[in-house]
Amino acid sequence: MNLLNAKSLSALTLAGALSLYSCGPKTADDSSADTQEMIQTSGLEVTVSNATVEGQEAQIYTLKNSNGLEVDLSNYGGVITRLMVPDKNGKLENVVLHYENLEGYSSSANYIGATVGRYANRIANGKFELDGKDYTLATNDGDHHLHGGDKGFNKVFWNAEIVKTENQAGVVLTYTSPDGEEGFPGELKTKVSFLLNDANDLTVAFEASTDQATIVNLTHHGYFNLSGLKENILGHELTINAADYTPVDSGLIPTGEVLAVEGTAFDFTSPHTIGERIAQVEGGYDHNYVLKTEADGKMTKMAELYHPGSGRLMELYADSPAVQFYSGNFLDGSIKVDGTSYDQYFGLCLEPQTFPNSPNEESFPSARLNPDETYRHTIKYHFGVK
């Protein structure tokens, strides 16, 4: 089900070399009429419609380019709810897992399609120390903290602004996380930009600033399935341009070691199908692949994902030190959308970020953000065929 069909909407057309349309969350009692806004120039379009989640009105934005590629995203949780990508024959199909409506995201424990923060991935025992002070976070993943806590960035309403230039169109989301939210220090002002161009590049760019020392690690948590959700991801071919990875303990916390992937089932430096060696990895892949020792602001090609049947190809670029590869191990069939059951290995995540548990491992890249600094992190997905 397309979330844009949630309500019957009227249309309004705007034009200009640079266009802006901003909105924030409203209550369900707001009596203003539902509208669909359209901005279109140079083959790029942005439309917006409304849906209800947690008793409030949220917006759903559709970005579309001249090739027909479409992205639906919401200011609730910064979630991407649909991604329509052409196959080798030009057929458009959705290639990301999603829920039937926004309410599904409000109760999600899988972070499907979400913007995650303040700290993506795990922090051991929900504790870290900063400048001599101990901080305690929610332990929402067994004994550990995961993806920002009980109510992370994936379950908040963001303010949104449509942006449109000659070369790209998108939505900029902003959210101010108050000091102490989910146990993290400092007021954190966060911006996430989702931008689409006619080269089939989808860019997700994060910025954040704080009024006191804190830790930050933001990413996008999309579950990809390039078959068009027709089969699981075990037959997808994956390349990860990382010579090392961080092994984990039984709680999926890095041990502190950085080991070579060569000669192991973790070696994706050349293409392998995901299912080829997954039985050799206890519990499936949920591991941090190391590309750099520190974030350096330079975009690097991290990974390539290919589905032979459809010919779809996704190339992943980012400027972070590492990428988490998760093979959908905890999907259990309890989520069913349009008659499709999301069973184990039905989608995979490639999450560019700093290392898991970095605040507790001195040898790992720092996740610290100071008041006089700006956190920046950019991810680019390029879609093509071969």
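Residues numbered from 1 in each chain as written. Predicted model: local features only at pLDDT ≥ 70, side-chain atom pairs only at ≥ 80, totals over all residues. Heavy atoms only, no water.

**Concerning the overall build of the protein**
Link 1 in the chain: On a plain count of helices and strands, the protein comes out with 1 helix and 33 strands.
Link 2 in the chain: Classification of the 386 residues of the protein by burial places 58% in the buried group.
Link 3 in the chain: If you take every contact in the protein between residues at least 6 apart in sequence, the share linking residues at least 24 apart comes to 67%.
Link 4 in the chain: Only carbon and sulfur atoms are counted for the fraction: they give 45% of the accessible area of the protein, which is about 14,700 Å². (Helix = DSSP H or I, 4+ residues; strand = E, 2+ residues; numbered from the N terminus. Buried < 20%, exposed > 50% of the residue type's maximum accessible area, 1.4 Å probe, protein only. Contact = heavy atoms within 4.5 Å. Areas by Shrake-Rupley, 256 points an atom, 1.4 Å probe, with all protein chains shown as cover.)

**Considerations on the pairing of strand β12 (residues 127–130)**
Link 1 in the chain: Residues Phe 128 and Leu 130 of β12 are buried on one face, while the alternating residues Lys 127 and Glu 129, pointing to the opposite face, are not.
Link 2 in the chain: Here β12 pairs with strand β13 (residues 133–136) via 4 bridges, running antiparallel. Bridge assignment links Phe 128 to a residue of β13, and that residue is Tyr 135. (Pairing = 2+ DSSP bridges.)

**What to know about the nonpolar core**
Link 1 in the chain: Among the nonpolar cores identified, the biggest contains 64 residues, and Tyr 285, Tyr 289 and Phe 325 are the most heavily contacted of them.
Link 2 in the chain: Those residues within four positions of Phe 325 in sequence are excluded, and the remaining contacts are Leu 238, Ile 240, Phe 268, Ile 274, Tyr 285, Asp 286, His 287, Tyr 289, Leu 348, Cys 349 and Leu 350.
Link 3 in the chain: Within the second largest apolar cluster, 26 residues are counted, among which are Ile 60, Tyr 99, Ala 120 and Val 337. (Core = buried A, V, L, I, M, F, W, Y, C linked by side-chain atoms within 4.5 Å.)

**So, the confidence of the model for the protein**
A low pLDDT means the predicted coordinates there should not be read in detail.
Link 1 in the chain: Taken residue by residue, the protein gives an average pLDDT of 90. The fraction at 70 or more is 89%.
Link 2 in the chain: Confidence drops under a pLDDT of 50 for residues 1–21, and excluding neighbours within four residues, the segment shows 58 contacts in the predicted structure.
Link 3 in the chain: Contacts for the low-pLDDT stretch residues 25–35, under 50 throughout, to residues beyond four places or in other chains number 25 contacts. (pLDDT = per-residue confidence, 0-100.)

**Concerning the sheet that holds strand β28 (residues 322–326)**
Link 1 in the chain: Read across the open sheet, the 5 strands follow the order β23-β22-β25-β28-β31; overall the sheet is antiparallel. At either margin of the open sheet sits one strand with a lone partner, and together these are β23 (259–260) and β31 (349–353).
Link 2 in the chain: Looking at chain direction, strand β22 (residues 244–246) and β23 are connected through 2 bridges and run antiparallel. Its bridge partner being in β23, Tyr 245 is matched across the sheet by Leu 259.

**Thoughts on the environment of Asn 50**
Link 1 in the chain: Considering the arrangement of structural elements, one finds Asn 50 in strand β5 (residues 44–53).
Link 2 in the chain: For Asn 50 and Ile 60, which are 10 residues apart along the polypeptide, the C-alpha to C-alpha distance reads 6.0 Å.
Link 3 in the chain: There is a polar contact of 3.2 Å between the side chain of Asn 50 and the side chain of Gln 59. (Polar contact = N/O pair within 3.5 Å; in protein donor to acceptor, adjacent residues only side chain to side chain.)

**Digging into unusual backbone geometry**
Link 1 in the chain: Each neighbour pair has its own omega, and for Gly 117 with Arg 118 the value is 10 degrees, a cis peptide bond.
Link 2 in the chain: As for its position among the elements, Arg 118 is in the loop between β10 (114–116) and β11 (122–123).
Link 3 in the chain: The phi dihedral of Asn 200 is positive, around 65 degrees, even though this residue is not glycine.
Link 4 in the chain: Relative to the assigned elements, Asn 200 resides in the loop between β17 (188–197) and β18 (201–210).
Link 5 in the chain: Among the residues examined, Asn 200 registers a relative accessible area of 11% and is labelled buried.

**Brief notes about the pattern of salt bridges**
Link 1 in the chain: All told, the structure shown has 15 salt bridges when counted by the stated rule.
Link 2 in the chain: One salt bridge in this structure joins Glu 70 and Arg 82, with 2.6 Å as the shortest N-O distance. You can see Glu 70 sitting in strand β7 (residues 70–74) and its partner Arg 82 sitting in strand β8 (residues 80–86), a full 12 residues away along the chain. Neither residue differs from the other here; Glu 70 and Arg 82 are each classed as buried.
Link 3 in the chain: Across the pair Lys 301 and Glu 315 runs a salt bridge, and its minimum N-O distance is 2.8 Å. Pair noted here: Lys 301 is in strand β26 (residues 300–306) and Glu 315 is in strand β27 (residues 312–318), with a separation of 14 residues, a long-range link.
Link 4 in the chain: For Glu 315, a relative accessible area of 13% gives the class buried.
Link 5 in the chain: Linked by salt bridges that have partners in common, Lys 64, Glu 70, Asp 72 and Arg 82 make up one network. (Salt bridge = Lys/Arg side-chain N within 4 Å of Asp/Glu carboxyl O.)

**Digging into the packing of aromatic side chains**
Link 1 in the chain: Scanning the entire structure with this criterion turns up 17 aromatic pairs.
Link 2 in the chain: For the ring pair Trp 158 and Tyr 175, a centre distance of 5.6 Å and an interplane angle of 50 degrees mean the geometry is tilted. Taken as a pair, Trp 158 in the loop between β14 (145–146) and β15 (159–164) and Tyr 175 in strand β16 (residues 168–177) lie far apart in primary sequence, 17 residues in all.
Link 3 in the chain: Classification of Trp 158 as buried rests on a relative accessible area of 0%.
Link 4 in the chain: Here the aromatic rings of Tyr 245 and Phe 266 are separated by 4.2 Å at their centres, their planes lie at 20 degrees, and the arrangement is stacked. Highlighted residues: Tyr 245 in strand β22 and Phe 266 in the loop between β23 and β24 (272–273), separated in sequence by 21 residues.
Link 5 in the chain: For Tyr 245, a relative accessible area of 8% translates into the label buried.
Link 6 in the chain: Here a set of aromatic residues connected by ring pairs shows up, and it is made of Tyr 245, Phe 266, Phe 268, Tyr 285 and Phe 325.
Link 7 in the chain: Across from the ring centre of Phe 268, 4.9 Å away, lies the NZ or CZ of Arg 277, which sits over that ring. (Phe/Tyr/Trp six-rings, centres within 6.5 Å; stacked < 30°, edge-to-face > 60°. Lys NZ or Arg CZ within 6 Å of the ring centre and 35° of its normal.)

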